[in-house]
Amino acid sequence: MEYRLRLAKRMLFNKKGSLIGAILAVTIGILVIHVNFVIFQGLYDAIVRDVTDYNIGNVQITDKIDYIEKSDLSLVNWLERIPYVEAATPRLSAHGEMDVVTNGMLIEEARIPVVGVDPFRDIRASTVHETVADGTYVFSRNTMVLGSVLAEDLGGVQVGDSVKLILIDRWGQEQTKRFTVSGLAESPGGQGFDYSAVIHIDTLRDMLKRPSSSDSILIRLNDPSKALEVKDFFLLSFPNDDFVAQTVEEASEKQLAGFRSGIALINLIGYFGMMSSAFAIVTIQMMLVNGKTKEIGVMRSIGARRKDILIIFIFQGMIIGAIGAGVGTATGLGYTFYAKETKMSFNGSLALEVTYNWEKISQTALLSFLLAIVASLYPSYRATRLLPVEAMRTV
């Protein structure tokens, strides 16, 4: 077995051009899969990350029918006693109309989404406050943070401008309040509140005449893998209430389902690319067989069996696969490292959430190695069909 391996290496390394071409074919196939994973899976994970950080948390609690009427203070305090819960915070949302006044003149009016937050709890349970690029977060009941896109749509609202918010309360009455814009929020990819107005939750409750209501509670975990456990524990603890508890993946299912299908399609294209590299190996191996017909004839004439010739060329496929898998995996890891360290993004969009999926990396390397072996089977078979006399006649 050892002499067959030595012969395979000698025959292969004597044709360095063919060897490099075969290795490049495997390397490119692996690299394409790594790049696809970094970009598309990274984008998917980035969306989940930002939805978690800004809107939903690791677990979100809502009511099946309407608003959560149970005291949010009691719920939050109960939740924060769970070991895996880092923080929890209530949210309340509504839609209203806004007038923008600058220098005493009405500039713009529009219908906008409004989000009420408990600022001191919110900064522990979410990172929305970190998206305030200009000014400060909502820490007063008379201030408002506007999303950057909304501020632009309203005629270029700046920090310090006065805005008038008009809401319809639970009794159908119009409620009006004037706010000072304390900050402008901007989140890459628009996953935050770029299109919304953020005010103090107590102010929104007063305007809606809902003194203790919230429509969701965000739960941030110190161990996100415990989301299902926390969700189930909460529901079991409140069996007689109409609560709905969902993990971030469940709550964002509509948003993420299409994206997952796209990732599956891109991965499929990547694997087809790897199969194309296998066809390249077949071609290169056939060239090696055609270039070594005389040597094959000599080996057959001195007693080498067809089995020996078959094993030699399969060893060549294994060598190509091993080197190609190693180089391709190293190149892919290099690209992954670069994307992670530079917080890669495209045209100012959200930064990719890059991870090292060692299971997928290992599977890709193993698959490319096996494909290289499979691709060498037909050329190996062709080599065994050469008769000694005919092979030695070939120049």
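Conventions we followed
- Residues numbered from 1 in each chain as written.
- Predicted model: local features only at pLDDT ≥ 70, side-chain atom pairs only at ≥ 80, totals over all residues.
- Heavy atoms only, no water.
- Helix = DSSP H or I, 4+ residues; strand = E, 2+ residues; numbered from the N terminus.
- Buried < 20%, exposed > 50% of the residue type's maximum accessible area, 1.4 Å probe, protein only.
- Contact = heavy atoms within 4.5 Å.
- Areas by Shrake-Rupley, 256 points an atom, 1.4 Å probe, with all protein chains shown as cover.
- Salt bridge = Lys/Arg side-chain N within 4 Å of Asp/Glu carboxyl O.
- Core = buried A, V, L, I, M, F, W, Y, C linked by side-chain atoms within 4.5 Å.
- Polar contact = N/O pair within 3.5 Å; in protein donor to acceptor, adjacent residues only side chain to side chain.

(A) Structural view of the overall build of the chain. Scanning the chain for helices and strands turns up 14 helices and 10 strands. For the chain, buried positions account for 47% of its 395 residues. Pairs at least 24 apart in sequence give 80% of the contacts found in the chain among residues at least 6 apart. Of the roughly 19200 Å² that the chain leaves accessible, carbon and sulfur atoms contribute 58%.

(B) Representation of the pattern of salt bridges in the model. Under the counting rule described, the total for this entry stands at 11 salt bridges. Note that E69 and R210 form a salt bridge whose closest N and O atoms lie 3.7 Å from each other. Separated by 141 residues along the polypeptide, E69 in the loop between strand 1 (59-63) and helix 3 (72-79) and R210 in the loop between helix 6 (201-208) and strand 9 (216-221) bring together distant segments of the chain. According to the relative accessible area criterion, E69 is partly exposed, its value standing at 44%. Two residues, E80 and R124, come together in a salt bridge whose shortest N-O distance is 3.2 Å. Note that E80 is positioned in the loop between helix 3 and strand 2 (85-102) and R124 in helix 4 (residues 119-125), a separation of 44 residues in sequence. Classification of E80 as partly exposed rests on a relative accessible area of 25%. Among the charged side chains, a network of salt bridges with common partners joins R49, D50 and E353.

(C) Region of interest: the nonpolar core. The biggest cluster of nonpolar side chains holds 24 residues, and the ones touching the most others in it are M98, M144, L146, L165, L167 and L204. When sequence neighbours within four positions are dropped, the list of residues in contact with L165 reads G96, E97, M98, I112, V114, M144, Q175, T176, K177, F179, I199 and M207. In this structure, I68, I219, L221 and F238 belong to the second largest nonpolar core, which totals 18 residues.

(D) Main features of the environment of A151. By the secondary structure assignment, A151 is in helix 5 (residues 148-153). Spatially, the C-alpha atoms of A151 and A185 are 9.3 Å apart, while their sequence positions differ by 34 residues. Excluding anything up to four places from it in sequence, A151 contacts L146, G156, V157 and L184.

(E) Structural view of the side chain of Q175. Mapping Q175 onto the fold places it in strand 7 (residues 174-185). In terms of polar contacts, Q175 uses its side chain to reach the side chain of D169, at 3.0 Å. Beyond its immediate chain neighbours, meaning those up to four positions away, Q175 contacts L165, I166, L167, D169, M207 and K209.

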